[in-house]
Amino acid sequence: MSESRDTRLRFEQWAKNPQCTANAISAVHNVRMSEVAKREGAPITFGQSPFALARGQTFERSLFREQGKTMLEALHKARVLPEDRAGFADFRLRMSGGKQPNLDAALQATKDFLESAAKASTPAALAALPAVLAGPVVRIPGGLMLPEAILVIDVMAVQIEGDRPRLVVGEVKTYPDRAGFTDAGELATARAQAGVYVHGLRLVLADLGLTDALPVSDEGFLVLTRPGFNRPSVRAGESLQYQAQRAERGFAKLRVVAAELGGSTDPDIVIPRIQAAPTSYCESCLSFCDRAPVCHKAALASGDPTVLGDEVAHFLGATTLHRAFELMSGAEPGNEAETDLLARIAELGERNG
Ligand code: SF4
């Protein structure tokens, strides 16, 4: 029951392609895309691998063992926290290795912590605040997900800034940190998700009247693995300002979607709505959505350059693939954009011999 109330995975699904209305409806109304794809005759491929899930859980548990020792050391090393900050608070459920018996208890414990942290202003009270929070749980107000928007944040650090605390959101991923060669798509997704948590947390704090007393940093951190080891590699100073603003705009759309269909989560009502909704195919669809073959086929038929990847789509702009082929076959450009495109294609050809 606790697992099904946690809407984190649905927020993650939405954050992977927030431009797609069909994706938003699926996430908000809790009807999986695999169900839609099944009705459309597409093969189902994105069931969560039990091995990947188990690896993720093992990695997270290792971070928080012995009062968060490994996580705290990694945050010290990455300078997210100064060496003199210590202390650990655990909001995780028992089934995730924590102490909370259920989601309601975790929600209450997190709320109690936020309220007490907001009151801390003396040096002694600030120093007593835990530096690492494992799995804090918040309920985002405003009817974003059905039946409720409950978010479990992987990890938060509590910094001390002058005479008040500041929350720093962290996102844990099991893929390896290869410095400049870390998968750019994976990083973008992790940042988008962290931006969702930053904005969601700010809404929660505003609802509690704690915005000024307990600010949330515009910078977050990602916890990845060291290549070949199950040890953490922290990427500090990740700017999440743009992603949080993007989440704010996206939340407004989610509220509209959630208010549709009388709040129904009945697949027979929701699936036709998903099928009729506008889509926005992009490269990342291939990595998470079971409807990708259907949308890819439609995008190909309409000459959407995204089928060749996001870089080609940026390069061609509003020009379809069909039109680009015509231009490359000698058709006269019909406007300034097409003239410019032909010049850039010629330049590329010269550069690549
Ligand atoms: S595959 Fe289609 S339905 Fe799924 S997120 Fe992408 S565009 Fe939306």
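Rules used in this analysis
Residues numbered from 1 in each chain as written. Predicted model: local features only at pLDDT ≥ 70, side-chain atom pairs only at ≥ 80, totals over all residues. Heavy atoms only, no water. Near = heavy atom within 4 Å. Helix = DSSP H or I, 4+ residues; strand = E, 2+ residues; numbered from the N terminus. Nonpolar A, V, L, I, M, F, W, Y, C, P; charged D, E, K, R; others polar. Pairing = 2+ DSSP bridges. Axes fitted to C-alpha atoms, helices over the stretch in contact; angles between N-to-C directions. Parallel < 35°, antiparallel > 145°, perpendicular 65-115°, else oblique. Left-handed = near helix turned anticlockwise from the far one by under 90°. Contact = heavy atoms within 4.5 Å. Domains from an automatic or database assignment. Buried < 20%, exposed > 50% of the residue type's maximum accessible area, 1.4 Å probe, protein only. Expected span 1.5 Å × (residues − 1). Polar contact = N/O pair within 3.5 Å; in protein donor to acceptor, adjacent residues only side chain to side chain. Phe/Tyr/Trp six-rings, centres within 6.5 Å; stacked < 30°, edge-to-face > 60°. Lys NZ or Arg CZ within 6 Å of the ring centre and 35° of its normal. Salt bridge = Lys/Arg side-chain N within 4 Å of Asp/Glu carboxyl O.

Student: Sorry if this is basic, but what is going on with the site of the ligand here?
Tutor: Close contacts around the ligand come from 13 residues, with Cys20, Ser280, Cys285, Cys289 and Cys295 the closest. Listed by contribution, the elements that provide at least two residues to the shell around the ligand are α11 (285–288) and α12 (292–301). Across the shell around the ligand, the residue classes tally to 8 nonpolar, 4 polar and 1 charged.

Student: So what exactly am I meant to see when it comes to the pairing of strand β8 (residues 232–239) here?
Tutor: A regular strand places its side chains on the two faces of the sheet in alternate fashion. One ladder, built from 6 bridges, connects strand β7 (residues 219–225) with β8; its direction is antiparallel. By the bridge assignment, Gly220 is partnered in β8 with Glu238. In this antiparallel pair of consecutive strands, β7 and β8, the connection spans 6 residues, and Gly228 shows a positive phi of 85°.

Student: Looking at this model, I keep getting lost on the packing of helix α3 (residues 21–28) against helix α10 (residues 267–276). Mind explaining?
Tutor: When two helices pack together, their arrangement is given by the angle between their axes and by how far apart the axes lie. Direction vectors running N to C along α3 and α10 enclose 165°, while the axes themselves pass 8 Å from each other. The orientation of α3 with respect to α10, classified from their angle, is roughly antiparallel. Of the two possible hands of crossing, α3 and α10 adopt the one that is left-handed. Taking contact as the criterion, the partners of Ala22, Ile25 and Ser26 in α3 are, on α10, Val270, Arg273 and Ile274. Residue composition of the contact of α3 with α10, grouped by class: 4 nonpolar, 1 polar and 1 charged.

Student: I would appreciate a short explanation of the sheet that holds β8 in the present structure.
Tutor: For sheets, the rule is that strands pair by backbone hydrogen bonds, running either parallel or antiparallel. With respect to topology, 6 strands assemble into an open sheet ordered β1-β2-β5-β6-β7-β8, the strand pairing being mixed. Two strands close off the open sheet at either side, each with one partner strand: β1 (88–90) and β8. Within the sheet, the average angular offset between the axes of one strand and its neighbour, ignoring direction, is 25°. As defined by bridge partners, strand β5 (residues 155–161) adjoins strand β6 (residues 164–176) across 7 bridges and the pair is classed as antiparallel. From the neighbouring strand, Gln159 faces β6, where its bridge partner is Arg166.

Student: In this structure, what is going on with the domain arrangement of the protein chain? I would like to understand it.
Tutor: For interface size, the figure often reported is the accessible area lost on association. If you check the domain split of the protein chain, you get domain 1 (50–254) and domain 2 (302–351). If you average the C-alpha positions of domain 1 and of domain 2, the two centres end up 43 Å apart.

Student: Which parts of the structure should I look at to understand unusual backbone geometry?
Tutor: Glycine aside, a negative phi is what most residues show, and trans is what most peptide bonds show. The amide bond that connects Leu146 to the next residue, Pro147, takes the cis arrangement and shows omega of 0°. Phi at Asn30 is positive, roughly 60°, even though this residue is not glycine. Since its relative accessible area comes to 42%, Asn30 is described here as partly exposed.

Student: Would you mind going over helix α15 (residues 336–351) with me for this structure?
Tutor: At 3.6 residues per turn, the α-helix brings residues three or four places apart onto the same side. Under the 1.5 Å per step criterion, the end-to-end length of α15 is 23 Å for 16 residues, consistent within 8% with the ideal 22 Å. The opening residue of α15, the one whose side-chain oxygen lies 3.2 Å from the backbone nitrogen of Ala337, is Asn335.

Student: Just checking my understanding: could you explain the packing of aromatic side chains for this structure?
Tutor: Two measures describe an aromatic ring pair: the distance that separates the ring centres and the angle between the ring planes. Under the criterion given, the structure shown has 4 aromatic pairs. The interplanar angle of 50° and the centroid separation of 5.9 Å between the aromatic rings of Trp14 and Phe251 together place this pair among those described as tilted. Of this pair, Trp14 sits in helix α2 (residues 8–16) while Phe251 is found in helix α9 (residues 241–259), placing the two residues 237 residues apart along the sequence. With a relative accessible area of 3%, Trp14 lands in the buried category. Owing to a relative accessible area of 0%, Phe251 belongs among the buried residues under this scheme. Its end group placed over the ring of Phe315, Arg344 keeps NZ or CZ at 4.7 Å from the ring centre.

Student: I tried to follow the packing of α3 against α9 on my own but got confused; where do I start?
Tutor: Where α3 contacts α9, the axes come no closer than 9 Å and their chain directions differ by 65°. For the pair α3 and α9, the sense of crossing is right-handed. Within the contact between the two elements, α3 uses Ala24, Ile25 and Val28 and α9 uses Leu254, Val257 and Ala258. Considered class by class, the residues forming the contact of α3 with α9 number 6 nonpolar, no polar and no charged.

Student: Please clarify how the pattern of salt bridges should be interpreted in this entry.
Tutor: Charged atoms that come close allow side chains of opposite charge to pair. Applying the stated criterion across every chain, the model contains 21 salt bridges. Of the charged contacts in the structure, one is a salt bridge between Glu238 and Arg235, with a shortest N-O distance of 3.3 Å. Assessed through its relative accessible area of 8%, Glu238 is described here as buried.

Student: How do you make sense of the side chain of Asp90 when you look at a structure like this?
Tutor: Secondary-structure assignment places Asp90 in strand β1. Reaching out from Asp90, the side chain makes a polar contact with the side chain of Arg92 at a distance of 2.8 Å. Beyond its immediate chain neighbours, meaning those up to four positions away, Asp90 contacts Gly97, Gly98, Gln100 and Ala134.

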